[in-house]
Amino acid sequence: MNGDMLLSILIPVAFLSALGFILAALLVLAEKKIMNYGPCDIDINTGEKKITVKGGSSLLSSLAEHDIFVPSACGGRGSCAYCKVKVLEGGGMIGPVEDPYLSPAEREGKVRLSCQVKVRTPVKIEVPRELFSVKRFKGVLERKRPLTNDIVELRIRISTPPSAIEFIAGQYIQLQSPEYKGRESVMRAYSISSSPSEKDHIELVIRKVPDGICTTWVFDFLKEGQQVDLSGPYGEFHLSNTDAPIIFIAGGSGMAPIYSMLRRMRETAGVRQATYFFGATRHRDLFYLEELRGLEKELASFTFVPALSNEPPDSEWKGERGLITQVAQKHVPDPSKHEAYLCGSPGMIDSSIKMLTNGGMPANKIFYDKFS
Amino acid sequence: MKQPPDDRAKNFEASKFSGDGFLGGDPRPVDEIISDDTRDLERTGISRDDLATALETAYLKARNALGAIVEVAPGVQGEFFESRGRIPCPFRGCGVFEKGEAALSVSDSRKPVIVTSLGIHMIAAHGFFQGRGSRFRIEPVETARLLNIGGH
């Protein structure tokens, strides 16, 4: 193929590509600047809340303008799939960006990515009620202390606005890391470990993720006295209002929501029988031992059972050894009358659910915060 | 949705999801990384599906050991490290994958192979083993040898 022939092919291809790009840009611009959808109503949870927004924006940003913050990690780019809500009417067709993130059951249930739904007509949606109380906060890091070689505790004073956070033990916040060293600002979820009664502070337990954007910032750059941005509270993981005996199972930073629940139980002089199985690899990976032994003294019906899966046999560790699921099964061979609260890695949650259901616990009595 | 090649390349760079990106400083375009690795793997007679399956087996053994160090293949130790959240596939359109990583190592000083659910998916679905220099790069031939699969 000679040069002239190549040019005669490339020029039209380049021309058509450029034309396509210009037309697409014009369409986007026209939608933003010229198209006027007027005010559009969003009906949330069948009349529980009604807001009117300027048409044309995404459902995610329209809700955020009215202080309803749906969790999102990608900032509305349609790639994290965190911002799912039910769109009962007015959502339009499922677009190609959100298509791969929706399971058949979610499609059937009218679940959509709120960042990909454009509000152009009246819309009816369903969101968890908890989202109504989500707010953005600024805080100041008062204390940062290592708990193990890869876990830190952060204590943050909520400053503005407002200077109090209302949450239920078990919920989580999203912490925003700023841009640093060429890395983008991101939001990441961390469970609150403090008690809900302490409304002007929150505490978090954060495990370092190798090369993690937010945890590298927390471990290597965040200093005491520094301002932090967060939003919350999020999540539906919390204690039920029953008297059923409790099995807590957690590992690593999964300690946080369970510790918050236990602190709350202490304050309310809880009498529910509760056993907390906490799994770690080695003795050096355990933390809050003194605090939890203290809780055992203060809560008459509470037992703490730490277990190590990989502690050298000749060490001084006198407690339980083995996988946390095996240890829990040994202590509670018949969990059928219990409720279980699990927090940790997906592998730990999956194994715990299997062990508990095999033991006769109904699936609807198992509550969990699976790190996913 | 198909993205233009220039846009797609951005998905592999550092982003909100991957602090260091998927290329690790490897100057080769994604398609070239895939074709080079495919050729290397073909020489061993191992399919990428076989390798992905072996990696998934090892990954799940480590994941289900809840942090304990376990043997995931003859002579290969695996240890799982939890991480909260999900990560989308940079090829887009494949959904999101749980974070968390299994470090596979033998008892010598070689660097561990870091296996993730997204990494396994990218090998199986796209033939992408990630760029050289990436912490998550899986050298196809070395890893096949490590897991003792195929006829290399």
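Residues numbered from 1 in each chain as written. Chains lettered and ligands numbered in written order. Predicted model: local features only at pLDDT ≥ 70, side-chain atom pairs only at ≥ 80, totals over all residues. Heavy atoms only, no water.

Draft legend 1. Broad picture of the sheet that holds strand β11 (residues 227-234) of chain A. All names here are of chain A. Pairing within the open sheet is antiparallel, and its six strands lie in the order β9-β8-β11-β6-β7-β10. Of all the strands in the sheet, just β9 (186-191) and β10 (201-207) have a single pairing partner and so form its edges. The average angle at which neighbouring strand axes cross in this sheet is 40°, direction not considered. Note that strand β8 (residues 172-177) and β9 share six bridges and pair antiparallel. (Pairing = 2+ DSSP bridges. Helix = DSSP H or I, 4+ residues; strand = E, 2+ residues; numbered from the N terminus. Axes fitted to C-alpha atoms, helices over the stretch in contact; angles between N-to-C directions.)

Draft legend 2. Local environment of the pairing of strand β12 (residues 246-251) of chain A. Residues and elements named next belong to chain A. Burial runs high along β12: six of the six residues are buried. Going residue by residue along β12, you find Ile-246, Phe-248 and Ala-250 tucked away on one face and Ile-247, Ile-249 and Gly-251 tucked away on the opposite face as well. Note that β12 and strand β13 (residues 274-280) share six bridges and pair parallel. Bridge pairing in β13 links Ile-247 to Thr-275. One ladder, built from five bridges, connects β12 with strand β16 (residues 339-344); its direction is parallel. Bridge assignment links Ala-250 to a residue of β16, and that residue is Cys-343. (Buried < 20%, exposed > 50% of the residue type's maximum accessible area, 1.4 Å probe, protein only.)

Draft legend 3. Region of interest: the environment of Ala-256 of chain A. Residue and element names in this part refer to chain A. Note that Ala-256 resides in helix α5 (residues 255-267). The spacing of Ala-256 and Cys-343 is 87 residues in sequence and 8.6 Å in space, taken between C-alpha atoms. Once residues lying within four places of it in the same chain are set aside, the contact partners of Ala-256 are Ser-191, Ile-192, Ser-193 and Val-205. (Contact = heavy atoms within 4.5 Å.)

Draft legend 4. Inspection of the packing of helix α3 (residues 48-63) of chain B against helix α4 (residues 117-126) of chain B at higher detail. Residues and elements named next belong to chain B. Across the interface, α3 lies against α4 with an axial gap of 8 Å and an inter-helix angle of 165°. In terms of orientation, α3 and α4 fall into the roughly antiparallel class. Handedness of the α3/α4 crossing: left-handed. Residues Arg-48, Asp-49, Ala-52, Leu-55, Glu-56 and Tyr-59 of α3 lie in contact with α4, whose contacting residues are Ser-117, Ile-120, Ile-123, Ala-124, Ala-125 and His-126. Per-class residue counts for the contact of α3 with α4 are seven nonpolar, two polar and three charged. (Parallel < 35°, antiparallel > 145°, perpendicular 65-115°, else oblique. Left-handed = near helix turned anticlockwise from the far one by under 90°. Nonpolar A, V, L, I, M, F, W, Y, C, P; charged D, E, K, R; others polar.)

Draft legend 5. Broad picture of a nonpolar patch on the surface. Residue and element names in this part refer to chain A. On the surface, Phe-15, Leu-16, Leu-19, Phe-21, Ile-22, Leu-23 and Leu-26 cluster together to form a nonpolar patch covering roughly 760 Å² of accessible area. Locating Leu-19 in the fold gives a position in helix α1 (residues 3-33). With a relative accessible area of 39%, Leu-19 lands in the partly exposed category. (Patch = residues over 30% accessible without salt bridge, like charges linked within 9 Å, V, L, I, M, F, W, Y side chains within 5 Å. Areas by Shrake-Rupley, 256 points an atom, 1.4 Å probe, with all protein chains shown as cover. Salt bridge = Lys/Arg side-chain N within 4 Å of Asp/Glu carboxyl O.)

Draft legend 6. Up close: the nonpolar core. All names here are of chain A. Phe-248, Leu-262, Tyr-276, Phe-278, Leu-292 and Phe-302 are the most contacted members of the largest nonpolar core, which totals 31 residues. Among the elements of the structure, β12, α5, β13, α6 (289-298), β14 (302-308) and β16 are those that each provide at least two residues to this core. No other element matches α5, which puts seven residues into this core. In contact with Phe-302, other than residues within four places in its own chain, are Leu-262, Ala-274, Tyr-276, Leu-292, Leu-295 and Glu-296. (Core = buried A, V, L, I, M, F, W, Y, C linked by side-chain atoms within 4.5 Å.)

Draft legend 7. Main features of the packing of aromatic side chains. Summed over all chains, the structure comprises 16 aromatic pairs over all chains. Ring geometry for Phe-12 of chain B and Phe-91 of chain B: centres 4.9 Å apart, planes at 85°, overall edge-to-face. Residue Phe-12 of chain B is found in the loop between α1 (5-10) and α2 (30-44), and its partner Phe-91 of chain B is found in the loop between β3 (86-88) and β4 (96-98); the two are separated by 79 residues along the sequence. Each member of the pair, Phe-12 of chain B as well as Phe-91 of chain B, carries the same accessibility label: buried. Geometrically, the ring pair formed by Tyr-59 of chain B and Phe-80 of chain B is edge-to-face, given 5.5 Å between the ring centres and 75° between the ring planes. Taken as a pair, Tyr-59 of chain B in helix α3 and Phe-80 of chain B in strand β2 (residues 76-81) lie far apart in primary sequence, 21 residues in all. The two residues Tyr-59 of chain B and Phe-80 of chain B agree in class, both being buried. Across the ring face of Phe-132 of chain A, the terminal group of Lys-49 of chain A is positioned such that the distance to the ring centre comes to 5.0 Å. Its guanidinium or amino end placed over the ring of Tyr-82 of chain A, Arg-86 of chain B lies 4.4 Å from that ring's centre, counting from NZ or CZ. (Phe/Tyr/Trp six-rings, centres within 6.5 Å; stacked < 30°, edge-to-face > 60°. Lys NZ or Arg CZ within 6 Å of the ring centre and 35° of its normal.)

Draft legend 8. Inspection of the interface of chain A and chain B at higher detail. In this assembly, 43 residues from chain A lie in contact with 30 residues from chain B. Summing both partners gives a buried area of about 3100 Å² for chain A against chain B, and 54% of it is carried by carbon and sulfur. Here chain A is connected to chain B by four salt bridges. Between Asp-20 of chain B and Arg-183 of chain A there is a salt bridge; the shortest N-O distance is 2.8 Å. Where chain A packs against chain B, one counts six residue pairs in polar contact (both at pLDDT 80 or more). Secondary-structure elements contributing two or more residues to the side of chain A that touches chain B are β9, α7 (324-331) and α8 (346-358) of chain A. Residue composition of the side of chain A that touches chain B, grouped by class: 21 nonpolar, 14 polar and eight charged. (Buried area = accessible area lost by both parts, 1.4 Å probe. Polar contact = N/O pair within 3.5 Å; in protein donor to acceptor, adjacent residues only side chain to side chain.)

Structural measurements only, silent on function.
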